[in-house]
Amino acid sequence: MTALVIRSAQDAIAAVPYMLGFHPSRSLVVIGFESGGNGTCAMRLDLPSSDAAERVAALLAGNGFRRSLLLGYGPDGEVRESAATVRAALDSAGVPVAEAVRVADGRWWSLTCDDDCCPPEGVPYDISASVVAAQATFDGQVVLADRSELVRSVQPLDGPVRASMREATERAEIRLLSRPDPPDESLAFVHALLSRAGTPPADDEVAWLGVLLTDLRFRDEAWIRIDEDAPATDIAFWRDVVRRVEEAYVPAPASLLAFAAYSAGDGGLANVAIERALDADPAYSMAVILREVINAGIPPSKLRLRMTSDQLATAYYNQQRKAC
């Protein structure tokens, strides 16, 4: 995904839904920029946001961001109060706020303007007509109506799909217990399935993949094959798998979806995918680690794996030798 270019308040307003993956409401969005190569970082806080001010400021400063933007979505008084507290914390942390605005009903108001330059009725904007929206659309990004719709996008499918997947999972579990495939054959299956990630897999393939991913060797093989430079196909693939596997097999594909989403700069999707993984298994290590990474404000550029399949195989071989 190409980095979104933000040159003005209107650019920021247009970019936020694409950075979050949904249109925010009753929120304060903090964007850090000028980070010496780490791009931008957007964090959404529920209103009121005063309690999180020091933590957000420390995260941005700790990750090298030198300036910030604030965008508030909600009632005027609530937005102004939260923005003032967060702005003071950012200024103290050395991440001064270049601009703070309130956004509502297709208009925006500056919270930093001290003269009559800004009209009291606000400045109209149109996200769909912006260069930022065009750029994001070209990159294949989709904006959902709100966070609840984003959450629903990773929830299990029901009806006939669920019934079919339940039967496929039973077959996969019997296969694993009665006649498990040799590791090389299972690895070849994972490779083959991931190599055609643009084609939706059959129910039996999804069920068998879900069972195999409970083995960390296969999970990690899938992890290193995520295209961190262009993860859109991986996001679509793992979202589909997450929605189709039975609940016991959710943690691995949900964590892989979270990693792919975070690589794309889609923190909103990454967060709801992590929540799905941890709902299924609160101690699942990959999801726990990714949650800590996001909470620490570590940019995706610092999360690169850059490991080949051969290197992973060698690492597991050496690990087994040490265990013996």
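Residues numbered from 1 in each chain as written. Predicted model: local features only at pLDDT ≥ 70, side-chain atom pairs only at ≥ 80, totals over all residues. Heavy atoms only, no water.

S.K.: Which residues make up the sheet that holds strand β6 (residues 123–124), and what values do they have?
M.R.: Sheet strands pair via backbone hydrogen bonds, and the direction of the pair is either parallel or antiparallel. The 6 strands are arranged β2-β1-β3-β4-β5-β6 in an open sheet whose pairing can be described as mixed. Among the strands making up the open sheet, the edge pair consists of β2 (41–46) and β6. Both strand β4 (residues 97–104) and strand β5 (residues 107–110) contribute to a ladder of 4 bridges, which runs antiparallel. Looking across to β5, one finds that A104 is bridged to R107. Sitting on the sheet, helix α1 (residues 9–20) is in contact with β1 (27–33), β2, β3 (67–73), β4, β5 and β6, with an inclination near 75° to β3. Packing of helix α2 (residues 53–62) onto the sheet brings it into contact with β1 and β2, and relative to β2 it is tilted by some 175°. (Pairing = 2+ DSSP bridges. Helix = DSSP H or I, 4+ residues; strand = E, 2+ residues; numbered from the N terminus. Contact = heavy atoms within 4.5 Å. Axes fitted to C-alpha atoms, helices over the stretch in contact; angles between N-to-C directions.)

S.K.: Any chance you could break down the environment of P201 for me, citing the residues and the numbers?
M.R.: Within the secondary structure layout, P201 lies in the loop between α7 (183–195) and α8 (203–212). When the C-alpha atoms of P201 and F237 are compared, they prove to be 8.8 Å apart, with 36 residues separating the residues in sequence. Among residues more than four places away in sequence, those in contact with P201 are L193, R196, V206, F237, D240 and R244.

S.K.: Break down the pattern of salt bridges for me, with residues and values.
M.R.: One pass over the full model with this rule turns up 16 salt bridges. The salt bridge involving D220 is made with R219; its shortest N-O contact spans 2.7 Å. You can call R219 buried: its relative accessible area is 5%. (Salt bridge = Lys/Arg side-chain N within 4 Å of Asp/Glu carboxyl O. Buried < 20%, exposed > 50% of the residue type's maximum accessible area, 1.4 Å probe, protein only.)

S.K.: Now, about the confidence of the model for the protein chain: what can you tell me, with residues and values included?
M.R.: Within the protein chain, residue pLDDT values average 89, and 94% of them lie at 70 or more. Ranking the elements of the protein chain by mean pLDDT puts helix α4 (residues 131–138) last, at 70, and α8 first, at 98. (pLDDT = per-residue confidence, 0-100.)

S.K.: I'd like a description of the pairing of β1, backed by residues and values.
M.R.: When a strand is regular, its side chains alternate between the sheet's two faces. Judged by how many residues are buried, β1 sits mostly within the fold: 7 of 7 residues are covered. Here β1 shows no split at all, with S27, V29, I31 and F33 on one side and L28, V30 and G32 on the other all buried. Where β1 lies against β2, 6 bridges are found, and the strand directions are antiparallel. Looking at β2, one finds that V30 is bridged to M43. Note that β1 and β3 share 7 bridges and pair antiparallel. Paired with L28 across the two strands is G72, which belongs to β3.

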